[in-house]
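What follows is the residue order along each chain.
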Amino acid sequence: MRFVIVGYGRVGSRTARILSDEGHEAIVVDNDPDRVERAENDGFETVHGDGADEDVLVDAGIDTADAIGAFSPDLNVNFAACMVGEHHGCRTVLRIDEDYREDIYERYAADVDEIIYPERLGAAGAKTAMLGGDFNVVADLATNLQLTVLEITDGSPAVGKRISELELPAGARIYAHGRERESLTIPLPGTELASGDEVAIITETDRADDVRSALLPASA
């Protein structure tokens, strides 16, 4: 797959490297010459310019990209980049700092596919380390995990089953569920799946096909 990464700071650089390690193509956009040089030294194709500028994103191949990750420290740049991505049919992932007010979050969340909070992830790692856990192990495992959203359609073996009754591959988890045309929320074990529902799943990358077999019709 092909991805545009806006911002080559800690979040953007780490994301780009993981995508590249998994065989995907990542193109980096940044207006900082030093970060552009660093991305080039790391082996990435780059475009030097403002991530909020559609012409810059077009130069980065936004019209053929599968998704855009807007990870710069500037929320306005990130949002503008996501809106350009949406216009060109991309999945949009927006970085937002956790100290923004809830109403700011809600305003942006309605217009993008996903929002990430780097501070929240960092805090989870710090807590794990302070309690004696090895967060580096979790971070390494994360590179082998895949997040995906699937629609439950007519003929799916999951229709009529409760979340707790699904036979998924070992380690696969449904972490969100939504009825047709409704937002995804944390599912309850007794939630019964129906045609048109969507489920968000985390699984090991090499078990993704097994997850699809468990949730999609045999002909899918």
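All values derive from a computational prediction rather than experimental measurement. (Residues numbered from 1 in each chain as written. Predicted model: local features only at pLDDT ≥ 70, side-chain atom pairs only at ≥ 80, totals over all residues. Heavy atoms only, no water.)

### Digging into a negative patch on the surface
Here is step 1 of the chain: A contiguous patch of negative charge on the surface is contributed by Asp50, Asp53, Glu54, Asp55, Asp59 and Asp74.
Here is step 2 of the chain: Mapping glutamate 54 onto the fold places it in helix α3 (residues 54-59).
Here is step 3 of the chain: Residue classification places glutamate 54 among the partly exposed residues on the basis of a relative accessible area of 34%. (Patch = residues over 30% accessible without salt bridge, like charges linked within 9 Å, V, L, I, M, F, W, Y side chains within 5 Å. Areas by Shrake-Rupley, 256 points an atom, 1.4 Å probe, with all protein chains shown as cover. Salt bridge = Lys/Arg side-chain N within 4 Å of Asp/Glu carboxyl O. Lys, Arg positive; Asp, Glu negative; His and termini not counted. Charge placed at Lys NZ, Arg CZ, Asp CG, Glu CD. Helix = DSSP H or I, 4+ residues; strand = E, 2+ residues; numbered from the N terminus. Buried < 20%, exposed > 50% of the residue type's maximum accessible area, 1.4 Å probe, protein only.)

### Focus: helix α4 (residues 75-87)
Here is step 1 of the chain: The end-to-end C-alpha separation of α4 is 18 Å, in line with the 18 Å expected for 13 residues at 1.5 Å each.
Here is step 2 of the chain: Leu75, Val77, Asn78, Phe79, Ala81, Cys82, Val84 and Gly85 are the residues of α4 that are buried.
Here is step 3 of the chain: Sitting at the amino-terminal end of α4 is aspartate 74, which places a side-chain oxygen 2.9 Å from the backbone nitrogen of asparagine 76.
Here is step 4 of the chain: Looking one or two residues past α4, glycine 89 carries a phi angle of roughly 80°, positive in sign. (Expected span 1.5 Å × (residues − 1). Polar contact = N/O pair within 3.5 Å; in protein donor to acceptor, adjacent residues only side chain to side chain.)

### Quick look at the environment of aspartate 42
Here is step 1 of the chain: Position of aspartate 42 relative to the elements: it lies in the loop between α2 (33-41) and β3 (45-48).
Here is step 2 of the chain: Exposure remark for aspartate 42: the relative accessible area of 38% places this residue in the partly exposed category.
Here is step 3 of the chain: Put simply, aspartate 42 and alanine 16 are 26 residues apart on the chain and 9.8 Å apart in space, counted from C-alpha to C-alpha.
Here is step 4 of the chain: In this structure aspartate 42 touches Tyr8 and Arg17, once residues within four positions along its chain are discounted.
Here is step 5 of the chain: Within the structure, aspartate 42 has its side chain in polar contact with the side chain of tyrosine 8 (distance 2.7 Å). (Contact = heavy atoms within 4.5 Å.)

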